Amino acid sequence: MNIELTDDKASFSPSVAVENFDYLDHLEAEAIHIFREVAGQFERPALLFSGGKDSITLVYLALKAFRPGKFPFPLVHIDTGHNFPEALAFRDKLANDIGEKLIVRNVEDTIKAKKLTEPKGKFASRNQLQTYTLLDTIEEFEFDACIGGARRDEEKARAKERIFSVRDEFGQWDPKLQRPELWNTYNGKIHKGENVRVFPISNWTELDVWNYIRRENIPLPSIYFSHEREVLEHEGQLIAASSFIRIDPTDTIVKKNVRYRTVGDMTCTAAVESIATGIDDIIREITATKTSERGETRIDDRVSEAAMEDRKKNGYF
């Protein structure tokens, strides 16, 4: 896909010929269909955009779905305050380059307003607290659908979820009450106060995302590629040394060449040791690995066997 900037505005031209339709084109067509279903069925949708590879892929799919028109939704980021600066810088640049509205709401403000107690410990994550900010943001703007980049291959709780996932008026998800989705037909009918979480790339794998990024020449934040970084070695994982984690006198901080398979908070996302400086190198690494990106690198998913499902039931994305 080609995006050209002229007079500070983005123009779009598709790059895939119909005669060369392959499996990535099928995935792309499904995602575009889902985006357009959202635009047709909901009054106030939003696209959750963090500056990570999956949400970046969503933005580029939305460009294909809606250009030359504007997006029928804003970009929304729930900023925990513990994000990687590279991802935040990329978030702001991409939103500016394509000329779309970006709404940012901060977990720090929610903590102060609601007098929430921050988690304690060595890797104190605000992931659970961001649910409060997300639900407040949905209420503030009366969003009836939130589009996100979750995929079924990431984690077993996400594998249970439909593409149109209905949440009740409290933002809660019941995995036993989900709607059938036969023949790519999606039911977005909801009662006032309810919300639908929508996952256009739910059927994609990590490898699919990277192959699509390569084919479409989609730019990404630098942390997805190998770079030298100070990291804390802890229980076989490499955590970025930062002011957001507790560094004890017995801890060992080393410099290593690392990259990130997934980008969450600096407090809960581990790096992988890597020399992959290009997309082809990353695809070779992913092809050889036997663990999912979250399974290998997300500390917060290890809290309990059902950590992700518990968070989703309480309103987490």
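Above this text you will find the structure in question.
Being a predicted model, the structure only gives us computed values, none of them experimental.

Definitions and cut-offs
- Residues numbered from 1 in each chain as written.
- Predicted model: local features only at pLDDT ≥ 70, side-chain atom pairs only at ≥ 80, totals over all residues.
- Heavy atoms only, no water.
- Helix = DSSP H or I, 4+ residues; strand = E, 2+ residues; numbered from the N terminus.
- Areas by Shrake-Rupley, 256 points an atom, 1.4 Å probe, with all protein chains shown as cover.
- Contact = heavy atoms within 4.5 Å.
- Polar contact = N/O pair within 3.5 Å; in protein donor to acceptor, adjacent residues only side chain to side chain.
- Salt bridge = Lys/Arg side-chain N within 4 Å of Asp/Glu carboxyl O.
- Buried < 20%, exposed > 50% of the residue type's maximum accessible area, 1.4 Å probe, protein only.
- Arc of directions from axis to C-beta.
- Axes fitted to C-alpha atoms, helices over the stretch in contact; angles between N-to-C directions.
- Parallel < 35°, antiparallel > 145°, perpendicular 65-115°, else oblique.
- Phe/Tyr/Trp six-rings, centres within 6.5 Å; stacked < 30°, edge-to-face > 60°.
- Lys NZ or Arg CZ within 6 Å of the ring centre and 35° of its normal.

*Asks:* Tell me about the overall build of the protein, and please be specific about residues and values.
*Replies:* In terms of helices and strands, the protein carries ten helices and twelve strands. Of the roughly 15000 Å² that the protein leaves accessible, carbon and sulfur atoms contribute 50%.

*Asks:* Go over the environment of Arg 214, please, and point to the residues and values.
*Replies:* Tracing the backbone shows Arg 214 in helix α7 (residues 206-216). For the pair Arg 214 and Ile 283, spaced 69 residues apart in sequence, the C-alpha to C-alpha distance is 9.4 Å. Excluding residues that lie within four positions of it along the chain, Arg 214 makes contacts with Ile 279, Asp 280 and Ile 283. A polar side-chain atom of Arg 214 sits 2.7 Å from a polar atom in the side chain of Asp 280.

*Asks:* Account for the pattern of salt bridges, with residues named and values stated.
*Replies:* Scanning the model with the defined rule gives 30 salt bridges in all. Between Lys 114 and Asp 136 there is a salt bridge, with its nearest N and O atoms 3.5 Å apart. Residue Lys 114 is found in helix α4 (residues 107-114), and its partner Asp 136 is found in helix α5 (residues 130-141); the two are separated by 22 residues along the sequence. For Asp 136, a relative accessible area of 30% gives the class partly exposed.

*Asks:* Before we move on, could you go through the environment of Arg 67 and cite the residues and values that matter?
*Replies:* Its location among the elements puts Arg 67 in the loop between α2 (53-66) and β4 (75-79). Among the residues examined, Arg 67 registers a relative accessible area of 14% and is labelled buried. One polar contact links the side chain of Arg 67 to the main-chain carbonyl oxygen of Ile 98, over a distance of 2.7 Å.

*Asks:* I'd like a rundown of helix α8 (residues 279-288), residues and numbers included.
*Replies:* Where α8 is concerned, the buried positions are Ile 279, Ile 282, Ile 283 and Ile 286. Each buried residue of α8 sits inside an arc of 100 degrees when the element is viewed along its axis, so together they form one side. The outward face of α8, more than 90 degrees from its buried face, is lined by the exposed residues Arg 284 and Ala 288. Taken together, the buried residues of α8 touch α7 and β11 (253-259).

*Asks:* Lay out the packing of helix α1 (residues 23-41) against α7 in plain terms, naming residues and giving numbers.
*Replies:* It is the contact of α1 with α7, at a shortest axis distance of 11 Å, that shows an interaxial angle of 100 degrees. Between α1 and α7, the interaxial angle falls into the category roughly perpendicular. Touching Tyr 23, Leu 24, Asp 25, Leu 27 and Glu 28 of α1 are Asp 208, Asn 211, Tyr 212, Arg 215 and Glu 216, all from α7.

*Asks:* Report on the packing of aromatic side chains, specifying residues and quantitative values.
*Replies:* In this description, a pair of aromatic rings is defined by centroid distance and the angle of the planes. As enumerated under the stated definition, the model contains twelve aromatic pairs in all. Site record: aromatic cluster; members linked through ring pairs are Phe 35, Phe 66, Phe 71 and Phe 73. Here the guanidinium or amino end of Lys 122 rests over the ring plane of Phe 123, the centre of that ring lying 6.0 Å away.

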